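Residue strings, one per chain:
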Amino acid sequence: QVQFVESGGGLVQPGGSLTLSCSASGTAFTMHAMGWYRQAPGNQRELVALITREGYPNYGDSVKGRFTISRDDGKNTINLQMNNLEPEDAAVYYCNAEGVVSGTLRSDLWGQGTQVTVSS
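Residues numbered from 1 in each chain as written. Predicted model: local features only at pLDDT ≥ 70, side-chain atom pairs only at ≥ 80, totals over all residues. Heavy atoms only, no water.

A. How the structure looks around the side chain of Asn96. Along the chain, Asn96 turns up in strand β9 (residues 91-101). At 3.1 Å, the side chain of Asn96 and the backbone oxygen of Ser107 are in polar contact. With sequence-adjacent residues up to four places away left out, Asn96 is seen in contact with Phe4, Ala33, Met34, Gly35, Tyr37, Ser107, Leu109 and Trp110. (Helix = DSSP H or I, 4+ residues; strand = E, 2+ residues; numbered from the N terminus. Polar contact = N/O pair within 3.5 Å; in protein donor to acceptor, adjacent residues only side chain to side chain. Contact = heavy atoms within 4.5 Å.)

B. Structural context of the pairing of strand β10 (residues 104-110). The pairing of β9 with β10 spans five bridges and is antiparallel. When the bridges of β10 are listed, Ala97 appears paired with Leu109. Where β9 hands over to β10, the hairpin turn is made up of two residues, of which Ser102 adopts a positive phi near 50 degrees. (Pairing = 2+ DSSP bridges.)

C. Structural detail: the state of the cysteines. Applying the stated criterion to the full structure yields one disulfide. Sulfur-sulfur distance for the disulfide between Cys22 and Cys95 comes to 2.0 Å. The chirality of the disulfide connecting Cys22 with Cys95 is left-handed, given an S-S dihedral of about -90 degrees. Taken as a pair, Cys22 in strand β3 (residues 18-25) and Cys95 in strand β9 lie far apart in primary sequence, 73 residues in all. An identical accessibility class is assigned to Cys22 and Cys95; each is buried. (Disulfide = S-S within 2.5 Å. Buried < 20%, exposed > 50% of the residue type's maximum accessible area, 1.4 Å probe, protein only.)

D. Local environment of the confidence of the model for the chain. Across the chain, pLDDT averages 95, with 100% of residues at or above 70. By mean pLDDT, the top-scoring element of the chain is strand β11 (residues 114-118) (98), and the lowest-scoring one is β10 (93). (pLDDT = per-residue confidence, 0-100.)

E. A look at the sheet that holds β3. The strand order across the open sheet formed by four strands is β1-β3-β8-β7, and the pairing between neighbours is antiparallel. The sheet is open, and its two edges are formed by β1 (3-7) and β7 (67-71), each paired on a single side. With strand direction ignored, the average angle separating the axes of adjacent strands in the sheet is 15 degrees. Across five bridges, β1 lies against β3 in antiparallel orientation. Of the residues in β3, the one forming a bridge with Ser7 is Ser21. (Axes fitted to C-alpha atoms, helices over the stretch in contact; angles between N-to-C directions.)

Structure representation (structure tokens):
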């Protein structure tokens, strides 16, 4: 299976910055894309940003221009630089991977989540 290591969540004041990182590993795992989703209480899980194996990013509308996703070449590791954070960005952020696991295409690969709190 695929294991995730997420880091970087925490408490930040409005207007501040945080960087989230996620590494995915596993035998027989070929990554096609990785990204971050978030879920606030009472809300559905929504896309924050994802990046393909080729390096093409895609962002949720609410974070465009403030967040930047990047990946480490040759590694299943992504970073999410979050700038100008707003209280509405507070949520549990989940790392997601899409790829082939033991010959099967999977898109339901999730990390355990990391809390981001934006408050003064």
